[in-house]
Amino acid sequence: DQQVKQNSPSLSVQEGRISILNCDYTNSMFDYFLWYKKYPAEGPTFLISISSIKDKNEDGRFTVFLNKSAKHLSLHIVPSQPGDSAVYFCAASALSGGSQGNLIFGKGTKLSVKP
Amino acid sequence: EAGVTQFPSHSVIEKGQTVTLRCDPISGHDNLYWYRRVMGKEIKFLLHFVKESKQDESGMPNNRFLAERTGGTYSTLKVQPAELEDSGVYFCASSQVSGLPRTEAFFGQGTRLTVV
């Protein structure tokens, strides 16, 4: 049973427009959420994170929004650039239960930004 | 500063053979994680070391998988004997501290294992 879900396997956006990637989770014990970007033949690269005590975190063109009541988070990229084309993974972790922050990943969303 | 390094980048072995994957974490990172991504599926947690100790190995698929972390530095993941379903990309990640404050994990480039 997937605890972190990315229901859109792919997304295509025009350069300069906003990209919105969505992620849903089921485990209410998750308290830390991350977005990773992955290019082919490379490992995931950390992009941005958010703690469950916040509802928004911004870093340059990237903003993550967290809606705890809906167990939903989203990553906004604005403006989108062709170099943003990659697979984006949503991940979550919980400190409780001795997990010490092991990450639970979604299946990823492939973003294509067209010039 | 060197990132997380994994070796080999790609391994093709026959069913029944043994393969050992190696991970060198970022220097000074106590936490070391192994993850695996099977084709088209999510990246799944395998196990977590804190220094040389196994903190959590709940994600290890079965006893054909053995992970070690000698002296709390590099780690190896051995698959013996390998089966077809073990094919996938094995990622290693490291992070600096456990608990608070939360820090992100840095990933290596992965080892693509193909069992034929």
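Residues numbered from 1 in each chain as written. Chains lettered and ligands numbered in written order. Predicted model: local features only at pLDDT ≥ 70, side-chain atom pairs only at ≥ 80, totals over all residues. Heavy atoms only, no water.

Focus on the packing of aromatic side chains
Okay, so step 1: Taken as a whole and assessed by the stated rule, the structure comprises 14 aromatic pairs over all chains.
Okay, so step 2: Ring plane angle 80° and centroid distance 5.2 Å describe the contact between tyrosine 36 of chain A and phenylalanine 107 of chain B, whose orientation is recorded as edge-to-face. With tyrosine 36 of chain A in strand E4 (residues 32–38) and phenylalanine 107 of chain B in strand E10 (residues 106–107), this pair bridges two chains.
Okay, so step 3: Its relative accessible area of 0% is what places tyrosine 36 of chain A among the buried residues.
Okay, so step 4: With a relative accessible area of 10%, phenylalanine 107 of chain B lands in the buried category.
Okay, so step 5: For the ring pair tyrosine 33 of chain B and tyrosine 35 of chain B, a centre distance of 6.2 Å and an interplane angle of 35° mean the geometry is tilted. Residue tyrosine 33 of chain B shares its accessibility class with tyrosine 35 of chain B, and that shared class is buried.
Okay, so step 6: Taken together, the aromatic side chains of Tyr36, Phe46, Phe89 and Phe105 of chain A together with Tyr33, Tyr35, Phe45, Phe91 and Phe107 of chain B make up a single cluster linked through ring pairs.
Okay, so step 7: A cation over an aromatic ring shows up here: arginine 22 of chain B above the ring of tyrosine 74 of chain B, its NZ or CZ 3.8 Å from the ring centre. (Phe/Tyr/Trp six-rings, centres within 6.5 Å; stacked < 30°, edge-to-face > 60°. Helix = DSSP H or I, 4+ residues; strand = E, 2+ residues; numbered from the N terminus. Buried < 20%, exposed > 50% of the residue type's maximum accessible area, 1.4 Å probe, protein only. Lys NZ or Arg CZ within 6 Å of the ring centre and 35° of its normal.)

Regarding the environment of arginine 22 of chain B
Residues and elements named next belong to chain B.
Okay, so step 1: Its place among the elements puts arginine 22 in strand E3 (residues 19–24).
Okay, so step 2: Each C-alpha atom of the pair arginine 22 and threonine 76 lies 4.5 Å from the other, and the pair is 54 residues apart in sequence.
Okay, so step 3: Setting aside residues no more than four positions away along its own chain, arginine 22 makes contact with Thr5, Gln6, Phe7, Trp34, Tyr74, Ser75 and Thr76.
Okay, so step 4: Among the polar contacts listed, one links the side chain of arginine 22 to the side chain of aspartate 24, at a separation of 2.8 Å. (Contact = heavy atoms within 4.5 Å. Polar contact = N/O pair within 3.5 Å; in protein donor to acceptor, adjacent residues only side chain to side chain.)

So yeah, pure geometry; function would need other evidence.
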